[in-house]
Amino acid sequence: MRVKAGIGFDAHRFAEGRKLIIGGVEIPHEKGLLGHSDADVLLHAICDAMLGALALGDIGSHFPPSDPQYKDISSLLLLKHVASLVAGKGFSVNNIDSVIIAEGPKMSPYIDGMRQAIAGAIGIMVENVGVKATTTERMGFTGRGEGIAAQAIVTLKADRKQA
């Protein structure tokens with residue numbers, strides 16, 4: 001079986017007047033994240049990992065922030081599109097492992113919903129989606145509560161006809 005791996009990272013600052021969407025789940029919070037789309041850092045990191053595994057560029061090259069069609073778009077739609085690009089290259093997602101880096105809000109009540117949303121968007125079993133959360137012990141921009149970051153690693157497997 002041919003396997004490829006990719007890594008992704010994203011970070012967005014907090015902004016007033018926006019919903020906080022992480023992993024495709026709306027989380028009650030006084031601020032959301034600033035971005036052209038819904039600024040879902042977790043899904044953006046996963047998209048970049050998937051694209052990187054096949055050397056297909058990054059999320060910005062596929063969904064440029066200068067393009068008005070992506071204004072406030074759900075990152076679940078971006079993730080579905082990236083999954084279709086991966087499938088078009090003869091691969092499918094084998095496993096995702098990811099981490100959200102935030103001092104707050106507390107992510108643990110929402111992680112199961114994130115895993116389900118991600119698995120559903122890609123069309124894989126939820127058991128193949130790992131989502132964790134951590135803080136930076138009040139260090140750096142996430143520790144000061146200025147924003148949220150996320151990292152992801154993805155393994156892809158070649159479809160049987162490609163193996």
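Above this text is the structure in question.
Rules used in this analysis
Residues numbered from 1 in each chain as written. Predicted model: local features only at pLDDT ≥ 70, side-chain atom pairs only at ≥ 80, totals over all residues. Heavy atoms only, no water. Pairing = 2+ DSSP bridges. Helix = DSSP H or I, 4+ residues; strand = E, 2+ residues; numbered from the N terminus. Axes fitted to C-alpha atoms, helices over the stretch in contact; angles between N-to-C directions. Parallel < 35°, antiparallel > 145°, perpendicular 65-115°, else oblique. Left-handed = near helix turned anticlockwise from the far one by under 90°. Contact = heavy atoms within 4.5 Å. Nonpolar A, V, L, I, M, F, W, Y, C, P; charged D, E, K, R; others polar.

### Considering the pairing of strand β7 (residues 147–158)
Consideration 1: The sheet contact formed by strand β1 (residues 3–15) and β7 spans eleven bridges and is antiparallel. In the strand pairing of β7, A11 is matched with A149.
Consideration 2: Here strand β5 (residues 91–101) runs beside β7; their pairing, made up of ten bridges, is antiparallel. Bridge pairing links S98 to A152 in β7.

### Observations concerning the packing of helix α1 (residues 41–53) against helix α4 (residues 111–122)
Consideration 1: One way to put it is that α1 packs onto α4 with a least axis distance of 12 Å and a crossing angle of 40°. Judged on the interaxial angle alone, α4 and α1 are oblique. Judged by the sense of rotation from one axis to the other, the crossing of α1 with α4 is right-handed. Contacts from L42, L43, I46 and M50 of α1 reach α4 at M114, I118 and I122.
Consideration 2: Partitioned by chemical class, the residues of the contact of α1 with α4 number seven nonpolar, no polar and no charged.

### Considering the sheet that holds β5
Consideration 1: Strand order in the open sheet formed by five strands is β4-β1-β7-β5-β6, with mixed pairing between adjacent strands. In this open sheet, the two strands that pair with only one neighbour each are β4 (32–33) and β6 (129–134).
Consideration 2: As paired elements, β1 and β4 share two bridges and run antiparallel to each other. The partner of A15 across the bridge, within β4, is G32.
Consideration 3: Packed on one face of the sheet, α4 meets β5 and β6 and runs near 145° to β6.

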